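Chains, contacts and geometry: an overview
Next come the chains, spelled out residue by residue.
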Amino acid sequence: DQQVKQNSPSLSVQEGRISILNCDYTNSMFDYFLWYKKYPAEGPTFLISISSIKDKNEDGRFTVFLNKSAKHLSLHIVPSQPGDSAVYFCAASGVTSGTYKYIFGTGTRLKVLA
Amino acid sequence: DSGVTQTPKHLITATGQRVTLRCSPRSGDLSVYWYQQSLDQGLQFLIQYYNGEERAKGNILERFSAQQFPDLHSELNLSSLELGDSALYFCASSVTQRVEEQFFGPGTRLTVL
């Protein structure tokens, strides 16, 4: 049961353009969402997060949008840079049926072309 | 360098065996988290400790156990190993219990033959 899905395993974008990474979730009890970036041979790095009470959070070139009715979140990177090439994971957390859940998507590999 | 250290870097063992993975958090961090990244299942949260006590549990199998010691380092014990346990195991630490503040270690690659 994949509660957090990243349906695009990979994405290629030209340098300077916008990268849009998508994530869907199925459990409406998730109330906190995060994006992580991972380079090869390194652990993930926290990028940006959003609480379910907001629909947008911005940090420099990175913006996360949350559409609760569609159970969808997206990460926008503008402008994209070659150093952004990495695997991006979304994650969702919350308490469901009295149990804390913290679930990751399978990742999207972003390649920014110079 | 995140300041989180994990040993060993690589581990190769056989099915049915037991291994222990070790994590030293960043200085001052009280929370330790364990994750498994396998090829087919992506990144999975296993368990979290805060100041020696278990705080949250994810998809951790009964064959797996963890603990956090008084010096705050943590160990993840994997027993009765199966081929499917082959994965990268990450440890992360944070000062608080907020997951967005965690720093990840470089991981231990476990290969079960």
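The structure reproduced in this document is the subject of the present report. Bear in mind the structure is a predicted one, so any value in this text is a computation, not a measurement.

On to the overall build of chain A. In terms of regular secondary structure, chain A is built from 0 helices and 11 strands. The helix and strand sequence of chain A, counted from the amino end, reads β-β-β-β-β-β-β-β-β-β-β. Computed over its C-alpha atoms, the radius of gyration of chain A comes to 14 Å, within 12% of the 13 Å expected for a compact globule of 114 residues. By principal-axis analysis of the C-alpha atoms, chain A measures approximately 45 × 30 × 20 Å. The buried share of chain A, reckoned over its 114 residues, is 46%. When contacts within chain A are restricted to residue pairs at least 6 apart in sequence, those whose partners lie at least 24 apart make up 55%. Summed over its atoms, the accessible surface of chain A is roughly 5,600 Å², and 49% of this surface lies on carbon and sulfur atoms. Mean positive and mean negative side-chain charge positions of chain A (12 and 9 charges, respectively) differ by 4 Å.

So, on to the pairing of strand 11 (residues 108–113) of chain A. Residue and element names in this part refer to chain A. Side chains Thr 108, Leu 110 and Val 112 of strand 11 all project onto a buried face; the interleaved residues Arg 109, Lys 111 and Leu 113 project onto a face where none is buried. In the sheet, strand 2 (residues 10–14) pairs with strand 11 via 5 bridges, with the strands oriented parallel. By the bridge assignment, Leu 11 is partnered in strand 11 with Leu 110. Of the pairings in the sheet, the one linking strand 9 (residues 86–96) to strand 11 comprises 3 bridges and is antiparallel in character. In the strand pairing of strand 11, Tyr 88 is matched with Thr 108.

With that settled, the discussion passes to the nonpolar core. Residues and elements named next belong to chain A. Core analysis: the biggest nonpolar cluster contains 24 residues, and Val 4, Phe 33, Trp 35, Leu 73, Leu 75 and Tyr 88 have the highest contact counts within it. Contributions of two or more residues to this core are made by strand 3 (19–25), strand 4 (32–38), strand 5 (45–51), strand 7 (62–67), strand 8 (72–77), strand 9 and strand 11. Examining the composition of this core, we find that 4 residues originate from one element, strand 9, more than from any other. Not counting residues up to four positions away in its chain, the partners in contact with Phe 33 are Tyr 25, Ile 48, Ser 49, Ile 50, Ser 52, Leu 66, Leu 73, Ala 91 and Ala 92.

Following Val 78 of chain A, the chain continues into Pro 79 of chain A via a peptide bond in cis, with omega recorded as -10 degrees. Structurally, the position occupied by Pro 79 of chain A is in the loop between strand 8 and strand 9. The omega torsion of the bond from Thr 7 of chain B to Pro 8 of chain B falls at -10 degrees, within 30 degrees of zero and hence cis. As for its position among the elements, Pro 8 of chain B is in the loop between strand 1 (5–7) and strand 2 (10–13). For Leu 72 of chain B, which is not glycine, the phi torsion reads 80 degrees and is therefore positive. On the secondary structure map, Leu 72 of chain B appears in the loop between strand 7 (64–68) and strand 8 (74–78). For Leu 72 of chain B, a relative accessible area of 15% gives the class buried. Unlike most non-glycine residues, Ser 80 of chain B shows phi in positive territory, near 45 degrees. Classification of Ser 80 of chain B by relative accessible area gives partly exposed; the value is 40%.

Definitions and cut-offs
Residues numbered from 1 in each chain as written. Chains lettered and ligands numbered in written order. Predicted model: local features only at pLDDT ≥ 70, side-chain atom pairs only at ≥ 80, totals over all residues. Heavy atoms only, no water. Helix = DSSP H or I, 4+ residues; strand = E, 2+ residues; numbered from the N terminus. Rg over C-alpha atoms; globule rule 2.2 N^0.38 Å. Buried < 20%, exposed > 50% of the residue type's maximum accessible area, 1.4 Å probe, protein only. Contact = heavy atoms within 4.5 Å. Areas by Shrake-Rupley, 256 points an atom, 1.4 Å probe, with all protein chains shown as cover. Lys, Arg positive; Asp, Glu negative; His and termini not counted. Charge placed at Lys NZ, Arg CZ, Asp CG, Glu CD. Pairing = 2+ DSSP bridges. Core = buried A, V, L, I, M, F, W, Y, C linked by side-chain atoms within 4.5 Å.

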